[in-house]
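# Breakdown of the fold
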Amino acid sequence: QVQLVESGGGLVQAGGSLRLSCAASGRTFSSFAVGWFRQAPGKEREFVSAITWSGSNTYYTDSVKGRFTISRDNAKNTVYLQMLSLKPEDTAVYYCAAYPSDYRDYKTYKHWGQGTQVTVSS
C-alpha cells in the first residue's frame, strides 16, 4: 500500500558528501515515522537515523552523529539524509523504511525501499 523509492547514492571520495532521498507514494509521510538503515557485504543491517511524523524529533546512531542529518518535506512526501564527511566505513546499501513500532529495530518496519548504493573510497 505504501511504496518507497531511494535515490542519490553513488561513488564519492572520503571526506565528500551525498544527499539521499526517499520518496513515498500511496500514503503521505505526515502519518508515520521514517528511518534509514544500511547494510555492507557480510554485515548485519544497521540503524542509521530516524525522524518522527512531525519532524520535531530525530535520532542517530553514534557513528554518524555530527556528520549526517535527517529531514523531511511532507508536502513532497520525501525524507532526506544529508551525509557529510563520508568515511570508507560508511560504504553500504542504504535503505529507507517506514512505520516502525521500534525505530531502532529493522524487523519492526512495515515498508521498505529497494536501496541505493553508497561507496566511499579512501
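Residues numbered from 1 in each chain as written. Predicted model: local features only at pLDDT ≥ 70, side-chain atom pairs only at ≥ 80, totals over all residues. Heavy atoms only, no water.

## Some words on the nonpolar core
Membership of the largest hydrophobic core comes to 27 residues, with the highest contact counts inside it found for Trp36, Phe68, Leu81, Met83 and Tyr94. Among the elements of the structure, strand E3 (18-25), strand E4 (34-39), strand E5 (46-51), strand E7 (68-73), strand E8 (78-83), strand E9 (92-98) and strand E11 (116-121) are those that each provide at least two residues to this core. Beyond its immediate chain neighbours, meaning those up to four positions away, phenylalanine 68 contacts Arg38, Val48, Tyr60, Leu81, Gln82, Met83, Leu84, Leu86, Asp90 and Tyr94. (Core = buried A, V, L, I, M, F, W, Y, C linked by side-chain atoms within 4.5 Å. Buried < 20%, exposed > 50% of the residue type's maximum accessible area, 1.4 Å probe, protein only. Helix = DSSP H or I, 4+ residues; strand = E, 2+ residues; numbered from the N terminus. Contact = heavy atoms within 4.5 Å.)

## Description of the pattern of salt bridges
It is possible for side chains bearing opposite charge to pair when their charged atoms get close. All told, the structure shown has five salt bridges when counted by the stated rule. Here lysine 65 ties to aspartate 62 by a salt bridge, and the two come within 3.1 Å at their closest N and O atoms. We classify lysine 65 as partly exposed; its relative accessible area is 49%. Relative accessible area serves as the criterion here: at 61%, aspartate 62 is assigned to the exposed category. For lysine 107, the salt bridge is made with aspartate 105, and the minimal N-O distance between the two is 3.1 Å. Members of the salt-bridge network, linked through shared partners, are Arg38, Glu46, Arg67 and Asp90. (Salt bridge = Lys/Arg side-chain N within 4 Å of Asp/Glu carboxyl O.)

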